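# Structural overview for review
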There are 2 protein chains.
Amino acid sequence: MTTEAQAFVKEIPSKAESFADWYTAVCLKAELADYSPIRGCMVIRPYGYALWEGIQRWLDERFKATGHVTAYFPLFVPESLLQKEAEHVEGFAPQVAWVTHGGDEELSERLAVRPTSEAIIMPMYAKWIQSYRDLPVLLLQWNSVVRWEKSTRLFLRTAEFLWHEGHTAHVTSDEADQECRTILEIYRQLLEDVLAIPVLVGKKPPSERFAGADNTYTLEALMPDSQAIQAGTSHFLGQRFARAFNVKFLDRDNTEKYVWTTSWAVSSRLIGSLVMAHGDDRGLGLPPRIAPIQVVIVPILGRDGERVLGAARALAERLGKVAHVRLDDRDEYTPGWKFNDWEMRGVPIRLEIGPRDVAARQTVLVKRPDGSKATVSLDGIEQTVAAALEDVQRTYFTRAKAFLDAHMVEAKTMADLEAAIRDRRGFVKTGWCQEQACEDAIRERTGASPRVIPLDDEPEETCLVCGRPATATVYYARAY
Amino acid sequence: MTTEAQAFVKEIPSKAESFADWYTAVCLKAELADYSPIRGCMVIRPYGYALWEGIQRWLDERFKATGHVTAYFPLFVPESLLQKEAEHVEGFAPQVAWVTHGGDEELSERLAVRPTSEAIIMPMYAKWIQSYRDLPVLLLQWNSVVRWEKSTRLFLRTAEFLWHEGHTAHVTSDEADQECRTILEIYRQLLEDVLAIPVLVGKKPPSERFAGADNTYTLEALMPDSQAIQAGTSHFLGQRFARAFNVKFLDRDNTEKYVWTTSWAVSSRLIGSLVMAHGDDRGLGLPPRIAPIQVVIVPILGRDGERVLGAARALAERLGKVAHVRLDDRDEYTPGWKFNDWEMRGVPIRLEIGPRDVAARQTVLVKRPDGSKATVSLDGIEQTVAAALEDVQRTYFTRAKAFLDAHMVEAKTMADLEAAIRDRRGFVKTGWCQEQACEDAIRERTGASPRVIPLDDEPEETCLVCGRPATATVYYARAY
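Since we're looking at a predicted model, the values are computed, not measured.

### Considering the relation of the copies chain A and chain B
Copy one and copy two of the chain differ by a rotation about a common axis and a shift along it. Expressed as a screw transformation, the operator carrying chain A onto chain B has a rotation angle of 180° and an axial translation of 0.0 Å, and the superposed copies differ by an RMSD of 0.0 Å. Taken together, these values place the two copies in the relation of a two-fold axis. Measuring from the rotation axis to each C-alpha of chain A, the shortest distance belongs to Val99 of chain A, at 2.1 Å. Most of the interface of chain A is mirrored in chain B, where 100% of its interface residues again form contacts.

Take a look at the structure:
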């Protein structure tokens, strides 16, 4: 490593030694986000927002392809509406930002800045839905929500965050459940195929469900510090909100019934997971399918600057047809500085081109995950780069999957479980009788929480706590 | 008109006789928007939101092509920051929704739900901008803002509305002014080329500037009731916000200078203008370039239903490659009902296809603006439909332009001006000496406000009020 590179990298703490500091430094230095003058609220900077736009674009296309349409509901929820579903208000009220004044006037009723929008959407459904012909309603919105958090971390926990929230209404329970699973599968593809983050897919135990849900499906990822992070949720709300808000329809059989509803979301928190999953001591690592810049071209001018620059421009133009390309022709920085800068920003592929490369019709291709270098011909460079991008995408997923696989352990006793959590061995598999007392005992002893009940697993034989027959398999972990 | 059609249309009041009621009925019936349980806040329904998505997509592409990047800044502005620029706070404070509590705790400082974001963005610029190399900063965000309005109308005036807000910082005054004009031209293209709404382009007089701006560029459209509507604004903020928030940079000449900033926006209010500009007594009228559904195919099944349906499906598939097409194969409605329904929703082109059409390899093409019908061959139908869409686009613009041209009048005396405003003759051109007293006199006498000072017009000879030499031409109108 050159002195320049050392100086550059020095500003980022070691990921292995101080994970939390490393994380914050990468978010700030790569200009993904910044702290704002408002406690708990962050600014998402253009490079971070481009990641969110990528997530939005990918998801929105799939939502539309599966029959969903987009709408926009108000930012505010009157207190009386928030209170209609008892568990819902209990879950959210402690975290609500309250608007009490409009201009100089005190409002007659406080307005919550939406922490989630069920309570404002359901009254509209009551108005819009009369007949089975009006169903299903498959809506979503892209917006921000506010939950008044005391301690915050960039992307991972902020008082305001960006998300979409889907809100659907159906004739039958089965159809609503199928909707939840359709969305869950879209989320899984986003996580694994785009963000290269492998996930465990399943249900939450009742204690971890969304406030007001009959069932919460979840995707759980494991971060390099062996803490789990909830990557997305899809809630089967049953008829609870329909009853609370009186959303009924006349069915084919001429009887009035309550609709079955769902809600689902992923948030800008995903960007935090992305940073943690793939970054290293040189900075950010971005899988090509989400990278705003997939290929950076750094010309090394030497004595024949104009010729090299011309070749670099021609290369950028060719590659622009197959990838998001940036030509870094800034003259105030050295090539070495640029290499470090773009590595820090996680650009998957770097192409270096100097006078000798131009003469030999070649370029040096460097892959971000391992820094591997290869001299490649400019003939067929489009195919070479496309293949290299696929390779980098695969590398990130394979690495993360290997880490996850190596951090799925099983515990047969409480002592096993305690040790596994303490030693950061990852997701710890346990049998559970589904009694709340047994879950509470584990939480208290380990500080871990039950993250996910896999959909297809055969249950373990016995409950780890009480020894009675197990009816479910649960993965425990400490969590973000 | 059939009885069915009469019954259908009857629900929409006459545009000529009761414009305001007509407007609201069209917004509600075409399912663009609905009232929400929160006073002053509306719900934008999927069909209305699709219009907003169209505006977003078109603008975002142009913003990116002109070097702008997207970010996200917090929803809240601490009161102390809002107060930093004196005119700014004076302009916005009366309309602010204040958050005073987070959960059960009273906040130490009130937070404004952003009415606009200068006061939260400038402190970040102070942090990010050090050198001329950091400039220009060309940022925007897509978000909602809140202005506590007492009396509201769907899209036109609501307590919360959707918009983007651009916020740029520059080395020189000229560069900032050029940025304002670049954006103004993008807005003009959106209005005229996409939404088919002709506009007057120019500057606001000082009384109508954005609170805190040195100059506000504006686009003004004229609605069919002869009221003007501000369609977009681009503000040259000079160094006022830079001074208030201490945003300085080290220039090439090694001296510290304040940056020059701009801000600019168009909002979901545009959808209201679109409804007013092109709708009629049958409902909404949408120019093809913004219509979410450009072509609807209505099969008329007759006795050979399957064959007609097959032909309609094949037609939809062919046209799907050149236009946004909807095949209306619902069996619970008659063709006549569907004709009225899609007309009410403003779909530019309807294709009817029945058994005889299938046999003759033809379809009946109906254009929404004038209801004109033509039997056209299925051979080359893609080209026929593409040309018809262009024709409908042109028709809407030509009509609106003819209306505007017919409603630009000149006044030489106060009596002229009063009569012109009273008789709803549109934009009334006047000479102005640029004294505030003269403007105030006109406002008081006519209830009209000065909408725009054209950029290129030769000034009139004398001020309409005081008779002194005029230094500017001003168009007056009553306004939304």
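### Digging into the packing of aromatic side chains
Counted under the stated rule, the structure contains 23 aromatic pairs over all chains. Pairing Phe427 of chain B with Tyr475 of chain B gives two aromatic rings, centres 6.3 Å apart and planes at 85°, and the pair type is edge-to-face. Separated by 48 residues along the polypeptide, Phe427 of chain B in strand β21 (residues 427–432) and Tyr475 of chain B in strand β23 (residues 472–477) bring together distant segments of the chain. For Phe427 of chain B, a relative accessible area of 0% gives the class buried. Grouping aromatic residues by their ring pairs yields a cluster made of Trp52, Phe63, Trp142 and Trp264 of chain A. Lying over the aromatic face of Phe339 of chain A, Arg350 of chain A brings its terminal NZ or CZ to 4.1 Å of the ring centre. Over the ring of Trp58 of chain B we find Arg62 of chain B; its NZ or CZ atom is 3.9 Å from the centre of that ring.

### Considering the packing of helix α3 (residues 46–65) of chain A against helix α7 (residues 173–194) of chain A
All names here are of chain A. Contact geometry for α3 and α7: axes closest at 11 Å, N-to-C directions at 145°. Where α3 crosses over α7, the two elements pack in a sense that is right-handed. Residue-level inspection shows Ile55, Trp58, Leu59, Arg62 and Phe63 of α3 in contact with α7, the latter providing Ile183, Ile186, Tyr187, Gln189, Leu190 and Val194. Along the lines of polarity and charge, the residues of the contact of α3 with α7 split into nine nonpolar, one polar and one charged.

### Observations regarding the domain arrangement of chain A
As far as domains go, chain A holds domain 1 (3–278), domain 2 (295–389) and domain 3 (408–477). Once you take the C-alpha centre of each, domain 2 of chain A and domain 3 of chain A turn out to be 50 Å apart.

### Section: the sheet that holds strand β3 (residues 69–70) of chain A
All names here are of chain A. Taken in spatial order, the 11 strands make up an open sheet running β3-β7-β8-β14-β11-β10-β9-β22-β23-β21-β20, and their pairing is mixed. A strand with exactly one partner marks an edge of an open sheet, and here the two such strands are β3 and β20 (408–410). Pairing of strand β22 (residues 449–454) with strand β23 (residues 472–477), which is carried by three bridges, proceeds in the antiparallel orientation. Its bridge partner lying in β23, Pro450 is registered against Tyr476. Lying on the sheet, α7 is in contact with β7 (137–146), β8 (160–170), β9 (200–203), β10 (215–222), β11 (228–238) and β14 (260–265); it crosses β11 at an angle near 165°.

### Concerning the packing of helix α3 (residues 46–65) of chain B against helix α9 (residues 269–278) of chain B
All names here are of chain B. One can describe the packing of α3 onto α9 by two numbers: an axis separation of 10 Å at closest approach and a directional angle of 110°. In terms of their interaxial angle, α3 and α9 are classed as roughly perpendicular. Across from Gly48, Leu51, Trp52 and Ile55 in α3, the residues of α9 making contact are Leu270, Ile271 and Leu274. Residue composition of the contact of α3 with α9, grouped by class: six nonpolar, one polar and no charged.

### Describing the environment of Glu439 of chain A
Residue and element names in this part refer to chain A. Locating Glu439 in the fold gives a position in helix α15 (residues 436–446). Among the residues examined, Glu439 registers a relative accessible area of 0% and is labelled buried. When the C-alpha atoms of Glu439 and Pro450 are compared, they prove to be 7.6 Å apart, with 11 residues separating the residues in sequence. Excluding its chain neighbours within four sequence positions, the residues that come into contact with Glu439 are Pro205, Ser207, Trp432, Pro450 and Tyr476.

### So, helix α14 (residues 414–422) of chain B
Structural remark: α-helix, 3.6 residues per turn; residues separated by three or four positions point the same way. Residue and element names in this part refer to chain B. Where α14 is concerned, the buried positions are Met414, Leu417, Ala419, Ala420 and Ile421. Those residues of α14 that are buried lie in contact with β20 (408–410), β21, α15 (436–446) and β23. Within two residues after α14, Arg424 carries a phi angle of roughly 55°, on the positive side.

### Focus: the nonpolar core
Ranked by size, the top nonpolar core spans 92 residues in total, and within it Phe76, Val113 and Tyr125 of chain A together with Phe76, Val113 and Tyr125 of chain B carry the most contacts. If sequence neighbours within four positions are ignored, Tyr125 of chain A has contacts with Val137, Leu139, His167, Thr168, Ala169 and Val247 of chain A.

### So, the sheet that holds strand β17 (residues 349–353) of chain B
Residues and elements named next belong to chain B. Here five strands make up an open sheet; going across it, the order is β16-β15-β17-β18-β19 and the pairing mixed. Here the strands that pair on one side only, and so sit at the sheet edges, are β16 (325–327) and β19 (373–377). Pairs of neighbouring strands in the sheet enclose a mean axial angle of 25°, with direction left out of account. Alignment of strand β15 (residues 295–299) against β16, held across three bridges, turns out to be parallel.

So, how was this worked out
- Residues numbered from 1 in each chain as written.
- Chains lettered and ligands numbered in written order.
- Predicted model: local features only at pLDDT ≥ 70, side-chain atom pairs only at ≥ 80, totals over all residues.
- Heavy atoms only, no water.
- Least-squares fit on C-alpha atoms with pLDDT ≥ 70 in both.
- Contact = heavy atoms within 4.5 Å.
- Phe/Tyr/Trp six-rings, centres within 6.5 Å; stacked < 30°, edge-to-face > 60°.
- Helix = DSSP H or I, 4+ residues; strand = E, 2+ residues; numbered from the N terminus.
- Buried < 20%, exposed > 50% of the residue type's maximum accessible area, 1.4 Å probe, protein only.
- Lys NZ or Arg CZ within 6 Å of the ring centre and 35° of its normal.
- Axes fitted to C-alpha atoms, helices over the stretch in contact; angles between N-to-C directions.
- Left-handed = near helix turned anticlockwise from the far one by under 90°.
- Nonpolar A, V, L, I, M, F, W, Y, C, P; charged D, E, K, R; others polar.
- Domains from an automatic or database assignment.
- Pairing = 2+ DSSP bridges.
- Parallel < 35°, antiparallel > 145°, perpendicular 65-115°, else oblique.
- Core = buried A, V, L, I, M, F, W, Y, C linked by side-chain atoms within 4.5 Å.

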